Amino acid sequence: MKKYTYTDQKDTRSGFGVGLLEAGRENPNVVALCADLIGSLKMDAFIKEFPERFTQVGIAEANMMGIAAGMTIGGAIPFTGTFANFSTGRVYDQIRQSIAYSEKNVKICASHAGLTLGEDGATHQILEDIGMMKMLPGMVVINPCDFNQTKAATIAIAKYKGPVYLRFGRPVIPVFTAPDQVFEIGKAWMVNEGKDVTIVATGHLVWEAILAGEILETMGIDAEIINIHTIKPLDEAAILKSVAKTGCIVSAEEHNRFGGLGDSIAQLLITKHLAPQEYIAVDDSFGESGKPSDLMKKYGLDAESIVKAVQKVIARKGV
Amino acid sequence: MEINELTKIASQVRRDIVRMVHGCQSGHPGGSLGCADFLVALYFNQMKHDPAFNMDAAGEDIFFLSNGHISPVFYSVLARSGYFDIVELATFRKINSRVQGHPATHEHLPGIRIASGSLGQGLSVAIGAAITKKRHKDPSIIYTLHGDGELQEGQIWEAAMFAPHHKIDNLIMTIDVNGQQIDGPVEKIMSLGNLRAKFEAFGWEVMHSEGNDMASITIALQQAKLNTGKGKPICNLMQTQMGFGVDFMMGSHKWHGVAPNDEQLIAALAQLPETLGDY
């Protein structure tokens, strides 16, 4: 198992903030909008340097999505910022008609995704956003794994023309990817090569997968770990190549098991290469208040749960 | 352009509308007929625009149709302005057509800059385009059209609050006050109250126009333009009659979304002189 160490722990939303500033410096067409959550989205640095390129919309997310769509007419590249819940479910029809169907170059940047926003509870803990966004034709869906990757992804999506959903979060997690990485949309990142099982993880579950890989190593199981930071378009070739070698797969995500990464993987396997799969995901429920680490454990999203899923899926091989 | 010239074009546009809706036995003739004069005045007299369509519209005025279901009038005016060949109007709502039931950019029909149909979204989009114009120091104007029933959507009021706060004064919003929506009179379904007072309270410059009088609407649009750049968005409350120009379709919600049969088509066309030539 390849060794991953970290010296720093940060939230991915801060990676977005740094990336937004850099994207703004690189391209004068990059503009930002926020619905009364500047601090939570870490947009302060961008606003300080480019006050004339920032629009405060107030608590009116539907209006924000429409304004962002309109801003693209004339060449602006708008980045909208609010919580994942208010970036998707609350404004689904606005995104569908004014952004996705209208093929507008809007970057929907969503913080506080999933259970790990913690204490605020289920009203804010959206676990359905990946599903909703990936169903929209033409929408790119990205869920990076740490601070550095979120920063790189933010810079990369400014250069890509078309609607993008960028998902990140609040918990402070290890920073283990390279600070100077170039983010390639749709290109899976091989975290660790192995032969017994494939673990595909997205978001901060990649770190849990690494922890699981280390535990599995002590058990004599050689896990291949792949970081699927882009859920759509899915890097099908990377997944199929890995499963052809390992013969089984575990998908890991902080999302409802319906409609997320796991379902994309299952659809791929069922049509291209049959293999047993286990899901690490929330089992069709809402979340609840609590500390992020406690929630990860309770809802079965931690390294220990991944280890159990790996044992289960390996036992199903060749059955 | 002279008023009588504009009136002639409007008559042809009305012929196009009833023929398009009859051709596919589907679509929304009522609101389309009511707004024909407004759209003709806008595209043939008021707006600075180039039919050699460019999405970004640098140096051009932009119009957004927020109540997308009155697409027949929009398509006819675009075609008659030279955005695309009028023969394409015959493909309205038919398979493999760029002339979709509701306006869309997806098939790249020239003249359309945003999809609309799900109501209440156009004002926000227009504000976004207006902000980009301001950032680019482009003095052009953004126009929108909305149905009065559409104002029942909450997003309209989010946008109505935003525009004066951010001094979006390169925006002219027109509301088609025809008093009708699908299920009946607006006052009966969900009363809008005093629209002038509401928009004034939100901080808009509010004006009134007679949308089925070409002279009145032309002057009103010129007046609206003179009022741009003064720190406030402009709201034009435009009185129209749904179905205007075809006596049996006028003033009733019943022709909101119903197509005429063969007999009704003949009766309608008899009231609308062919001026530019049918498609």
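As shown above, the structure is provided for reference.
Basis of the calculations
Residues numbered from 1 in each chain as written. Chains lettered and ligands numbered in written order. Predicted model: local features only at pLDDT ≥ 70, side-chain atom pairs only at ≥ 80, totals over all residues. Helix = DSSP H or I, 4+ residues; strand = E, 2+ residues; numbered from the N terminus. Rg over C-alpha atoms; globule rule 2.2 N^0.38 Å. Buried ≥ 20, exposed ≤ 12 C-beta atoms within 10 Å, placed from the backbone. Contact = placed C-beta atoms within 7 Å. Nonpolar A, V, L, I, M, F, W, Y, C, P; charged D, E, K, R; others polar. Pairing = 2+ DSSP bridges. Axes fitted to C-alpha atoms, helices over the stretch in contact; angles between N-to-C directions. Parallel < 35°, antiparallel > 145°, perpendicular 65-115°, else oblique. Right-handed = clockwise from strand over helix to strand, strands pointing away. Core = buried A, V, L, I, M, F, W, Y, C linked by C-beta atoms within 7 Å.

**What about the overall build of chain A?**
The helix and strand tally for chain A stands at 13 helices and 14 strands. For a compact globule of 319 residues, the expected C-alpha radius of gyration is about 20 Å, and chain A comes in at 19 Å, within 12% of that figure. With 319 residues in all, chain A has 60% of them scored as buried. Expressed as a percentage of contacts within chain A between residues at least 6 apart in sequence, the contacts between residues at least 24 apart total 81%.

**Some details on the interface of chain B and chain A**
Facing the 28 residues of chain B at the interface are 22 residues of chain A. Elements represented by at least two residues in the side of chain B that touches chain A include exactly helix H5 (122-135) and helix H6 (154-165) of chain B. Element by element, the count of residues in the side of chain B that touches chain A is highest for H5 of chain B, at nine residues. For the side of chain B that touches chain A, the per-class residue count stands at 14 nonpolar, 10 polar and four charged.

**Digging into the sheet that holds strand S10 (residues 197-201) of chain A**
Residue and element names in this part refer to chain A. The five strands are arranged S9-S11-S10-S13-S14 in an open sheet whose pairing can be described as mixed. Of all the strands in the sheet, the pair left with one neighbour each is strand S9 (189-192) and strand S14 (277-282). The mean angle between the axes of side-by-side strands here comes to 25°, regardless of whether they run parallel or antiparallel. Bridge count between strand S13 (residues 249-256) and S14: five bridges; the pairing is parallel. Of the residues in S14, the one forming a bridge with Asn 256 is Val 282.

**Quick notes on the packing of helix H4 (residues 61-71) of chain A against helix H6 (residues 92-101) of chain A**
Residue and element names in this part refer to chain A. Relative to each other, H4 and H6 sit at 5°, their axes nearing to 9 Å. Here H4 lies roughly parallel to H6, going by the angle between them. Contact with H4, carried on its side by Ala 62, Met 65, Gly 66 and Ala 69, involves Gln 94, Ile 95, Ser 98 and Ile 99 of H6 and no other residues of that element. Grouping the amino acids of the contact of H4 with H6 by side-chain chemistry returns five nonpolar, three polar and no charged.

**Observations regarding the pairing of strand S2 (residues 142-147) of chain B**
Residues and elements named next belong to chain B. Counting buried positions along S2 yields six of six residues, so the element is predominantly enclosed. Along S2, one buried face is formed by Ile 142, Thr 144 and His 146 and the opposite face, lined by Tyr 143, Leu 145 and Gly 147, is buried too. Where strand S1 (residues 62-65) lies against S2, four bridges are found, and the strand directions are parallel. When the bridges of S2 are listed, Leu 65 appears paired with Leu 145. Taken together, S2, H6 and strand S3 (residues 171-177) form a β-α-β motif whose crossover is right-handed.

**Looking at the pairing of strand S4 (residues 77-83) of chain A**
Residues and elements named next belong to chain A. The buried fraction of S4 amounts to seven of the seven residues, a majority that puts the element mostly inside the structure. Strand direction decides the pairing type here: strand S2 (residues 30-34) and S4, joined by five bridges, are parallel. Directly across from Ala 32, in S4, lies its bridge partner Phe 79. As paired strands, S4 and strand S5 (residues 107-111) are joined by five bridges and run parallel to one another. Its bridge partner lying in S5, Thr 82 is registered against Ala 110.

**Comments concerning the nonpolar core**
Counting 186 residues, the largest nonpolar core has Ile 199, Ile 306 and Val 310 of chain A together with Ile 127 of chain B as the members making the most contacts within it. Considering each element in turn, this core owes the most residues, eight residues, to helix H1 (residues 3-24) of chain B. Apart from the residues within four sequence positions on either side, Ile 127 of chain B is in contact with Ile 67 and Gly 70 of chain A together with Ala 159, Phe 162, Ala 163, Ile 168 and Leu 171 of chain B.

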